[in-house]
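Overview (structure and organization)
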Amino acid sequence: MMNKRIEAALNDQIQKESSSSQFYLAMASWAENNGLNGTAKFMYQHSDEERFHMLKLIKFVNERGGVALVPAVPQPPVEFDSLERVFELLLEHEIVVTESINGVVDVCLQEKDYSTHNFMQWYVSEQLEEEALARGILDKLRLIGGDKGGLYLFDRDLENAAAQATAGMGGQPA
Ligand code: OFO
């Protein structure tokens, strides 16, 4: 049987990864409808990665004698004010997810559950990468400002980044 506090913390994290996946899917769809095809590809891929984060947790909980709860997902936004706003929201969201992951790690230490603690380290380093990526993208966007040519190149860069991540499987473990 899995420790009940650990099970609850992991189920809460499953919910967060699932809502991240839906949130980025909404961003992908918005970008696609606004002629930002590179951004859309990047966001569709990011949404898939979050779904993978959720699945990895579901399997872990079930394999360790807990019961994973498949969460209901709230409706994400349909409209976004601007591309810059999209990436601000992404960064804000990732910061919340990082705090939540740190919270799970904390519960692991309190409950002396070192194997779940070890499992969660993959998420800890993934969050470092994701926050750094979102910050880097936001910096670029702020530099570009309203320049249309710059925006075109930015969108193309994201398309290339998405293609490269697909080729290298974007940090997803086997
Ligand atoms: Fe980007 O959050 Fe998952 O872990």
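First, a word on what this report is: a plain description of the structure on this page. None of these values were measured; they are calculated from a predicted model. (Residues numbered from 1 in each chain as written. Predicted model: local features only at pLDDT ≥ 70, side-chain atom pairs only at ≥ 80, totals over all residues. Heavy atoms only, no water.)

**Concerning the nonpolar core**
Filter applied, for reference: Residue types Ala, Val, Leu, Ile, Met, Phe, Trp, Tyr and Cys, when buried and joined through side-chain atoms within 4.5 Å, form a set referred to as a nonpolar core. Residue burial is assigned from relative accessible area. The probe radius is 1.4 Å, only protein chains are included, and a residue is buried under 20% of its type maximum, exposed over 50%, and partly exposed in between. Working definition: helices are DSSP H or I runs of at least four residues, strands are E runs of at least two. Numbering for both runs from the N terminus. Pairs of residues are marked as contacts when any of their non-hydrogen atoms sit within 4.5 Å.
If you look at the biggest cluster of nonpolar residues, it comprises 26 residues, and the most contacted ones within it are Met27, Met43, Phe80, Phe87 and Phe154. Breaking this core down by element, the ones donating at least two residues are α1 (4-33), α2 (37-63), α3 (83-110), α4 (114-144) and α5 (148-168). Of all the elements, α1 adds the most residues to this core, at seven residues. Sequence-distant contacts of Phe154, defined by excluding residues within four places in its chain, comprise Thr39, Leu83, Phe87, Ile137, Lys140, Leu141 and Ile144. Membership of the second largest hydrophobic core comes to 20 residues, among which are Met2, Ala9, Ala68 and Val97.

**Remarks on the packing of aromatic side chains**
To be explicit about the condition: When the centres of two rings from Phe, Tyr and Trp lie within 6.5 Å, Trp using its six-membered ring, the rings pair. Their planes under 30 degrees apart give stacked, over 60 give edge-to-face, and anything left gives tilted. Note on geometry: a ring has a charge over it if NZ (lysine) or CZ (arginine) is within 6 Å of the ring centre and within 35 degrees of the ring normal.
Applying the stated rule across the entire model yields nine aromatic pairs. Aromatic pair Phe52 and Trp122: ring centres 6.2 Å apart, planes at 75°, arrangement edge-to-face. Placement of the pair is Phe52 in helix α2 and Trp122 in helix α4, with a sequence separation of 70 residues. The class of Phe52 is partly exposed, set by a relative accessible area of 22%. Site record: aromatic cluster; members linked through ring pairs are Phe52, Phe60, Phe119, Trp122 and Tyr123. Lying over the aromatic face of Trp122, Lys56 brings its terminal NZ or CZ to 4.7 Å of the ring centre.

**Observations regarding the side chain of Ser20**
Mapped onto the elements of the fold, Ser20 is located in helix α1. When sequence neighbours within four positions are dropped, the list of residues in contact with Ser20 reads Glu50, His93 and Val97.

**Some points on α2**
Note the threshold: By this rule, a helix spans an expected 1.5 Å times one less than how many residues it contains.
For α2, with 27 residues, the first-to-last C-alpha span of 39 Å sits near the 39 Å given by 1.5 Å per residue. Positive backbone phi, at 85°, marks Gly65, one or two positions downstream of α2.

**A look at α4**
We count it as follows: The bend reported for a residue corresponds to the angle between axes fitted to the seven residues ending at that residue and the seven starting there. Any pair of nitrogen or oxygen atoms within 3.5 Å is treated as a polar contact; in protein, a donor-acceptor pairing is required on top of that, and neighbouring residues in sequence qualify only through side-chain atoms on both sides.
An ideal rise of 1.5 Å per residue puts 45 Å on 31 residues; α4 measures up with 46 Å between its terminal C-alpha atoms. The largest bend in α4 comes to about 30°, at Met120. The N-terminus of α4 is capped by Asp113, whose side-chain oxygen sits 3.4 Å from the backbone nitrogen of Ser115. Phi turns positive, to about 60°, at Gly145, one or two residues after α4.

**Some words on the packing of α1 against α3**
Here is the rule we go by: Angles shown run from 0 to 180 degrees and are taken between the N-to-C directions of axes, each axis being a line fitted to C-alpha atoms and, for helices, limited to the stretch in contact. Oblique is the label for any angle not under 35 degrees, not over 145, and not in the 65 to 115 range, which are roughly parallel, roughly antiparallel and roughly perpendicular in turn. Each residue receives one of three labels: charged for Asp, Glu, Lys and Arg, nonpolar for Ala, Val, Leu, Ile, Met, Phe, Trp, Tyr, Cys and Pro, and polar for the others, Gly being one of them.
The N-to-C vectors of α1 and α3 enclose an angle of 170°; their axes lie 10 Å apart at closest approach. Our classification of the angle between α1 and α3 gives roughly antiparallel. Residues belonging to the contact of α1 with α3 are distributed by class as follows: 16 nonpolar, six polar and five charged.

**A word on the side chain of Asp113**
The condition is simple: We score Asp and Glu as negative and Lys and Arg as positive, and we do not count His or the chain ends. Salt bridge, as applied in this entry: a Lys or Arg side-chain nitrogen positioned within 4 Å of an Asp or Glu carboxyl oxygen.
Turning to its location among the elements, Asp113 is positioned in the loop between α3 and α4. Despite its burial, Asp113 remains without a salt bridge, the nearest opposite charge being carried by Arg64 at 5.8 Å. Apart from the residues lying within four places of it in its own chain, the contact partners of Asp113 are Ile6 and Cys108.

**Section: the environment of Leu57**
If you trace the backbone, Leu57 turns up in helix α2. Measuring from C-alpha to C-alpha, the distance between Leu57 and Phe42 comes to 23 Å, with 15 residues separating the pair along the chain. Those residues in contact with Leu57 that lie beyond four places of it in its chain are Leu10, Gln13, Ile14, Glu17, Phe119, Met120 and Tyr123.

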